[in-house]
Amino acid sequence: MINKNVEKAINVQIKKEDYSSRLYLQMASWCEVNGLGGAANFLYAQAEEEREHMLKFVHYLNDRGGFAKMMELEQPPFEFKNVIDIFEQVMKHEEYITASINEVYEVTLNEKDYTTGSFLQWFINEQIEEESTMRTILDKINLVGKDKAGYFHIDKELEAMAAARPETNTAAE
Ligand code: OFO
């Protein structure tokens, strides 16, 4: 049976992954209606990936004798200035998620639940990758320039990045 404090921490993380998915879905929707098809495709796929993260936690918790609970989610923001604003917010959010995964890891150490600690390694590595991807996108945005031509260029880049993703691509048609 999984330790109660670890179970609680994982349920909080499930909520955060669920929220991440909805946040990116909302951002994708904004991009789609604002002529940013590439960014939309990238973010739709990212939303799907976050849902997969959530499910990984759900199955793990239930398999270990715990009980995954779906909690109420707050409404994600739906007004954005532009694509830079969006990716700056994504970066911030991913940093928050990294800190949050580290907190769950700390609970597993305190409770001497090394099995869950080892399960969390996958997420720790995933966060390194996600933060690095978002940093690359922000660097590219800074390189191409923060004007209409720059936005157009970055949208093409994001389109290519979305197409190159190995995961399920649930991009809009
Ligand atoms: Fe963005 O990553 Fe989930 O965990």
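**Side note on the packing of aromatic side chains**
The relative placement of two aromatic rings is captured by the distance of their centres and the angle of their planes.
Stage number 1. Under the defined criterion, the tally for this structure stands at 7 aromatic pairs.
Stage number 2. Aromatic side chains Phe57 and Phe119 sit 5.7 Å apart centroid to centroid with 80° between the ring planes, which places their arrangement in the edge-to-face category. Residue Phe57 is found in helix α2 (residues 37–63), and its partner Phe119 is found in helix α4 (residues 114–144); the two are separated by 62 residues along the sequence.
Stage number 3. A residue is classified by how much of its surface remains accessible, and Phe57, at 0% relative accessible area, is buried.
Stage number 4. Of the residues examined, Phe119 reaches a relative accessible area of 18% and is grouped as buried.
Stage number 5. Each member of the aromatic cluster is reached from another via a ring pair, and the members are Phe57, Tyr60, Phe119, Trp122 and Phe123.
Stage number 6. Lying across the ring of Phe42, Arg165 places its NZ or CZ 5.0 Å from the centre.

**Observations concerning the nonpolar core**
Stage number 1. Leu43, Ile86 and Phe87 are the most contacted members of the largest nonpolar core, which totals 28 residues.
Stage number 2. Dropping the residues within four chain positions of it, Leu43 is found in contact with Tyr24, Met27, Ala28, Cys31, Ile86, Phe87 and Val90.
Stage number 3. Formed by 17 residues, the second largest nonpolar core is a distinct cluster that contains Ala9, Met54, Ala68 and Ile97.

Cut-off values and rules
- Per chain, residues are indexed from 1 in the order of the written sequence.
- Per-residue local features are limited, in this predicted model, to residues with pLDDT of at least 70; the limit for side-chain atom pairs, both in listing and counting, is 80 or more; totals at the level of whole chains, interfaces and linings are taken over all residues.
- Excluded from the side-chain calculations are hydrogens and water; all other atoms, namely the structure's heavy atoms, are used.
- In this scheme Phe, Tyr and Trp rings, the latter by its six-membered ring, pair at centre separations within 6.5 Å, and the angle between planes marks the pair as stacked below 30 degrees, edge-to-face above 60, and tilted otherwise.
- Numbering of helices and strands starts at the N terminus; helices are DSSP runs of H or I of at least 4 residues and strands are runs of E of at least 2.
- Partly exposed residues are those whose accessible area sits between 20% and 50% of the maximum for their type, while under 20% is buried and over 50% is exposed, using a 1.4 Å probe and protein chains only.
- Charges are assigned to positions over rings by a cutoff of 6 Å between ring centre and Lys NZ or Arg CZ, combined with an angular limit of 35 degrees from the ring normal.
- Here, nonpolar core means buried Ala, Val, Leu, Ile, Met, Phe, Trp, Tyr and Cys residues that are tied together by side-chain atoms lying within 4.5 Å of each other.
- We call two residues in contact when some of their heavy atoms are within 4.5 Å.

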